[in-house]
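# Architecture and fold: a report
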There are 2 protein chains.
Amino acid sequence: MAEVERLSLRHPGGTTRIFIGREVFEPARQVVGPWLEGRSTFVVTTPRVRELHGGSLERLLASASRVHVLEVAEGEAAKRLEVAGELWEKMLAAGGKRDSRLIAMGGGSVGDIGGFVAGCFLRGIEYVQIPTTLLAQVDAAIGGKTAVDLGATKNSVGVFHHPAAVLSEIDFLATLPDGEVRAALAEVIKMALLLDPLLLERVERELPALLDGAPEALAPMVVAAAKAKARLVERDPAESDERRMLNFGHTLGHAIEAELGYEQLRHGEAVAYGMLFALRLARRRGFERSLADRFRKLVERLAPPPLPPLSVPGLLAAMARDKKGGEGGLAWVLPEKLGEGQIARDVGAEELADELAAFLADPWTVV
Amino acid sequence: MAEVERLSLRHPGGTTRIFIGREVFEPARQVVGPWLEGRSTFVVTTPRVRELHGGSLERLLASASRVHVLEVAEGEAAKRLEVAGELWEKMLAAGGKRDSRLIAMGGGSVGDIGGFVAGCFLRGIEYVQIPTTLLAQVDAAIGGKTAVDLGATKNSVGVFHHPAAVLSEIDFLATLPDGEVRAALAEVIKMALLLDPLLLERVERELPALLDGAPEALAPMVVAAAKAKARLVERDPAESDERRMLNFGHTLGHAIEAELGYEQLRHGEAVAYGMLFALRLARRRGFERSLADRFRKLVERLAPPPLPPLSVPGLLAAMARDKKGGEGGLAWVLPEKLGEGQIARDVGAEELADELAAFLADPWTVV
């Protein structure tokens, strides 16, 4: 049997057990099997994920008293309040109770809607995340953030609801399109720059194998990234300042996505450009040139698609609408040195407009 | 200035400050004023409550940067997922952020929808409860339970989200219809029997003044009931067994309400009958005859309307649908001795059907 890494994330409501590796279902069954024993169990997934990976669930679900599969659409289309309402109706009709269980199996969107549905059904039932994408395994499935999108605003309605367990099967990543891995690596190097210098070295060293989807390279990287994320969440469960470090690259990244109508660029690709822009601001605040250049080179090797045409006023307006803002204005996560970041709230309107214009003219110059 | 009682409720996410008395707004302003300082503030209320009591808010809200009033319908009509969706849309359109504030001012329904909207907006913003009914002041506003109704099931979707503060203005109770006070007293004597013998004595002694709505009688009773509830919530924040004590009378009470289509009887009146039925089951398990009789007499003095015609099969089916059930069947909260209760899961189908038939034939005989 392949090696499976086990991590724990302690949060105010209990502990999340995290299993990462190849063939995780057998060892995870020792924990998840008894948790499902005699319970009605709801599986939230997409038709595509069910076809690809549904077979892996069969032995895991054997101890449940009843299993109800709730299919949702791929991607952000699943993250709607009406979809949550439909799932709740189905769960009530199927006799769901406070001690029923839910399993969310899929990418970040499935985890977000599944976690939200579990978090609010009868004021919260326990659930397990089975992330099937690299992005969800290294980031979204860990930390209890759940949400749906309302109107044009992403993740505008949600709750913090930690899963009882996260099962990250590395072999699932073999079915991902190439661009998905590239986009997810942007989030990994984000965490690496701010939290874990060794992880940054690992990605620099093994990038070709990672982009190839080699499981021997992916498994230890997922473990390191999940560990960095879990430790951060433990230190800051309610997402006050420290956990907001993970928003590095997201202040502009979200605005780019919104301005592009969530098309043309993947989330991770928009974040890659957002990080390049944040590096500019960080450089002006004394972030070391050689580190900025090293980081830029790594982003360059990810080779995101070219930045589509965007305007300074459009991006500024999108940022002003962003929920991450407060009454006090925009917060920027900027690297301070390797493995450490800070929240800067002192970026003035003029500086921002000037730097944005320069960035749009030449995104790749950060120093 | 009138005397105002201050209580604290410590929960996993912080502390709820509770103010109870006549003219609470002045002392509460010392806490709530700084909390609102410079924030966008959303006030969830009904047109009727706004007309009756909106003026009391003016000085309290003076420190907020902006105030947006969000009106909802009276009663359960406000507790719908679509209503929550509309409020979230309005809050986003008004520029609501993670550090915005929400105030829910009204009865239990306003507190439920307002708390739910606060609990999920951008994964949770802080809020304050200003309960304007006796039922909300003694029970619903304290403990962080929020919810909307989905389909025919009450409180089927919600979260635990504790308010930063609860402001219970006793003088607001003067505007309540007579029946509301009677129904709320049923919930008070429920808490008294299971948690606080002194509160039971107080209600027995002062019932005429309480039913008259005398503020001198109401204020100390609201304080005692709120204290009993707060201590229970502190001991059991996530509502495992201990907090379920508060479901005394609710297993059958909810079924009666559901079978009557939430008409004819108020919630507290249905609970009064539910308690009488639970007393029957408790008597069969050895609960003292004289105590059961004493409690029955107190319920009798509340003089709920006669129990409308109901059927044993209808009530059994309604109970089977109830979310409070688990995979293991119905849980009954039964008094064991004065000030203490237990959860009984050993009430068999035959016993239940027999006792229900006897109860429907003669609800008032419990011994």
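Residues numbered from 1 in each chain as written. Chains lettered and ligands numbered in written order. Predicted model: local features only at pLDDT ≥ 70, side-chain atom pairs only at ≥ 80, totals over all residues. Heavy atoms only, no water.

What follows covers the overall build of chain A. Within chain A, the regular secondary structure consists of 13 helices and eleven strands. In terms of overall dimensions, chain A is globule-like: its C-alpha atoms have a radius of gyration of 20 Å, near the 21 Å expected for 367 residues. Counting only residues that meet the buried cut, chain A has 60% of its 367 residues in that class. Here the contacts in chain A between residues at least 6 apart in sequence split such that 76% fall between residues at least 24 apart. Approximately 13,600 Å² of chain A is accessible, and the part contributed by carbon and sulfur atoms is 49%. Computed over 44 positive and 51 negative side-chain charges, the separation of the two mean positions in chain A equals 4 Å. (Helix = DSSP H or I, 4+ residues; strand = E, 2+ residues; numbered from the N terminus. Rg over C-alpha atoms; globule rule 2.2 N^0.38 Å. Buried < 20%, exposed > 50% of the residue type's maximum accessible area, 1.4 Å probe, protein only. Contact = heavy atoms within 4.5 Å. Areas by Shrake-Rupley, 256 points an atom, 1.4 Å probe, with all protein chains shown as cover. Lys, Arg positive; Asp, Glu negative; His and termini not counted. Charge placed at Lys NZ, Arg CZ, Asp CG, Glu CD.)

With that settled, consider the relation of the copies chain B and chain A. Rotating chain B by 180 degrees and moving it 0.0 Å along the rotation axis overlays it on chain A with an RMSD of 0.0 Å. When the rotation and shift are considered jointly, the pair of chain copies conforms to a two-fold rotation axis. Considering only C-alpha atoms, the residue of chain B closest to the rotation axis is Pro12(B), which sits at 3.5 Å. Both copies share a contact surface, since 100% of the interface residues of chain B are interface residues in chain A too. (Least-squares fit on C-alpha atoms with pLDDT ≥ 70 in both.)

Whether parallel or antiparallel, the strands of a sheet pair through hydrogen bonds between backbone atoms. Residue and element names in this part refer to chain B. Strand order in the open sheet formed by seven strands is β1-β2-β9-β6-β5-β3-β4, with mixed pairing between adjacent strands. Looking at the sheet topology across the chains shown, the edges are occupied by β1 (4-11) and β4 (66-71). Taking the axes of each pair of neighbouring strands and ignoring which way they run, one obtains an average angle of 15 degrees across the sheet. Here strand β3 (residues 40-45) runs beside β4; their pairing, made up of six bridges, is parallel. (Pairing = 2+ DSSP bridges. Axes fitted to C-alpha atoms, helices over the stretch in contact; angles between N-to-C directions.)

Residues and elements named next belong to chain A. Orientation of helix α9 (residues 250-259) relative to helix α12 (residues 312-321), taken along the N-to-C sense of each, is 110 degrees, at an axis distance of 8 Å. Here α9 lies roughly perpendicular to α12, going by the angle between them. Of the two possible hands of crossing, α9 and α12 adopt the one that is right-handed. Contacts from Thr251, Leu252, Ala255, Ile256, Ala258 and Glu259 in α9 reach Gly314, Leu315, Ala318, Met319 and Arg321 in α12. Classifying every residue of the contact of α9 with α12 by side-chain character gives seven nonpolar, two polar and two charged. (Parallel < 35°, antiparallel > 145°, perpendicular 65-115°, else oblique. Left-handed = near helix turned anticlockwise from the far one by under 90°. Nonpolar A, V, L, I, M, F, W, Y, C, P; charged D, E, K, R; others polar.)

Below, the discussion takes up the confidence of the model for chain A. In the predicted model, chain A carries a mean pLDDT of 93, and the fraction of residues at 70 or more is 98%. Here the complex is predicted with pTM 0.93, and the ipTM for its interfaces comes to 0.92. (pLDDT = per-residue confidence, 0-100.)

Glancing now at the interface of chain B and chain A. Of the residues lining the interface, 42 residues belong to chain B; the matching set on chain A comes to 42 residues. Where chain B abuts chain A, roughly 3,300 Å² becomes buried across the two surfaces, and 55% of that area is made up of carbon and sulfur atoms. Viewed at the interface, chain A and chain B are joined by zero salt bridges. Counting the contacts that link chain B with chain A gives eight residue pairs in polar contact (both at pLDDT 80 or more). When residues of the side of chain B that touches chain A are traced back to their parent elements, those giving at least two are α3 (81-93), α4 (108-120), β8 (153-157) and α12 (312-321) of chain B. Per element, the largest residue contribution to the side of chain B that touches chain A is five residues, and it comes from α3(B). For the side of chain B that touches chain A, the residue count by class is 13 nonpolar, 15 polar and 14 charged. (Buried area = accessible area lost by both parts, 1.4 Å probe. Salt bridge = Lys/Arg side-chain N within 4 Å of Asp/Glu carboxyl O. Polar contact = N/O pair within 3.5 Å; in protein donor to acceptor, adjacent residues only side chain to side chain.)

Residues and elements named next belong to chain B. Both strand β10 (residues 332-337) and strand β11 (residues 340-344) contribute to a ladder of five bridges, which runs antiparallel. Looking at the pairing, Leu334 lines up with Gln342 of β11. Here β10 folds back onto β11 in antiparallel fashion, the turn holding two residues, of which Gly339 has a positive phi close to 90 degrees.

Moving on, we get to the sheet that holds strand β6 (residues 127-131) of chain A. Residue and element names in this part refer to chain A. The seven strands lie next to each other as β1-β2-β9-β6-β5-β3-β4, forming an open sheet whose pairing is mixed. Lying at the two open borders of the sheet, with one neighbouring strand each, are β1 (4-11) and β4 (66-71). Strand-to-strand twist across the sheet, computed as the mean angle between neighbouring axes with direction ignored, equals 15 degrees. Of the pairings in the sheet, the one linking β1 to strand β2 (residues 14-21) comprises eight bridges and is antiparallel in character. Among the inter-strand pairings, Arg6 is bridged to a residue of β2, identified as Phe19. Packing of helix α3 (residues 81-93) onto the sheet brings it into contact with β3 (40-45), β4 and β5 (101-106), and relative to β4 it is tilted by some 160 degrees.

Once that is clear, we can look at empty space enclosed by the protein. Residues and elements named next belong to chain A. For the coordinates displayed, the defined rule picks out five cavities of 30 Å³ or more. Within this model, the second largest cavity holds a volume of roughly 50 Å³. If you go around the second largest cavity, the residues you meet are Arg182, Ala183, Ala186, Gly268, Glu269, Ala272, Leu302, Ala303 and Pro304. For the lining of the second largest cavity, the secondary-structure elements that each account for two or more residues are α6 (178-195) and α10 (267-284). Of the residues that constitute the lining of the second largest cavity, the class distribution is six nonpolar, one polar and two charged. (1 Å grid on protein atoms, 1.4 Å probe; cavity = no way out; pocket = protein on both sides within 12 Å on 5 of 7 lines; lining within 4 Å. Points joined across faces, edges and corners; volume = space filled by probe spheres on them.)

Moving on: the pairing of strand β9 (residues 165-169) of chain B. Residue and element names in this part refer to chain B. Here β9 lies mainly inside the structure; five of its five residues are buried. Neither face of β9 is open: one carries Ala165, Leu167 and Glu169, the other Val166 and Ser168, and all of them are buried. Note that strand β2 (residues 14-21) and β9 share five bridges and pair parallel. Bridge pairing in β9 links Gly21 to Glu169.

Before going further, it helps to examine the nonpolar core. If you look at the biggest cluster of nonpolar residues, it comprises 84 residues, and the most contacted ones within it are Leu134(B), Met221(B), Leu252(B), Ile256(B) and Trp332(B). When residues of this core are assigned to their parent elements, the largest contribution, twelve residues, is made by helix α8 (residues 215-235) of chain B. Counting 83 residues, the second largest nonpolar core, distinct from the first, contains Val138(A), Ala214(A), Met221(A) and Val366(A). (Core = buried A, V, L, I, M, F, W, Y, C linked by side-chain atoms within 4.5 Å.)

This brings us to the environment of Ala303(A). Note that Ala303(A) resides in the loop between α11 (289-302) and α12. Measuring from C-alpha to C-alpha, the distance between Ala303(A) and Ala183(A) comes to 9.5 Å, with 120 residues separating the pair along the chain.

Residues and elements named next belong to chain B. In a regular helix each residue adds 1.5 Å, so 13 residues correspond to 18 Å; α3 covers 18 Å between its end C-alpha atoms and thus fits that length. Here α3 has its buried residues at Leu81, Val83, Ala84, Gly85, Leu87, Trp88, Met91 and Leu92. Immediately beyond the C-terminal end of α3, within one or two residues, lies Gly95, with a positive phi of roughly 80 degrees. (Expected span 1.5 Å × (residues − 1).)

All names here are of chain A. Considering all chains together, one arrives at 60 salt bridges over all chains under this definition. One salt bridge in this structure joins Arg284 and Glu351, with 3.2 Å as the shortest N-O distance. Taken together, the residues span a long stretch of sequence, with Arg284 in helix α10 and Glu351 in helix α13 (residues 349-361) at a distance of 67 residues. Residue class for Arg284 comes out exposed when judged on its relative accessible area of 54%. Note on Glu351: relative accessible area 15%, which makes it buried.

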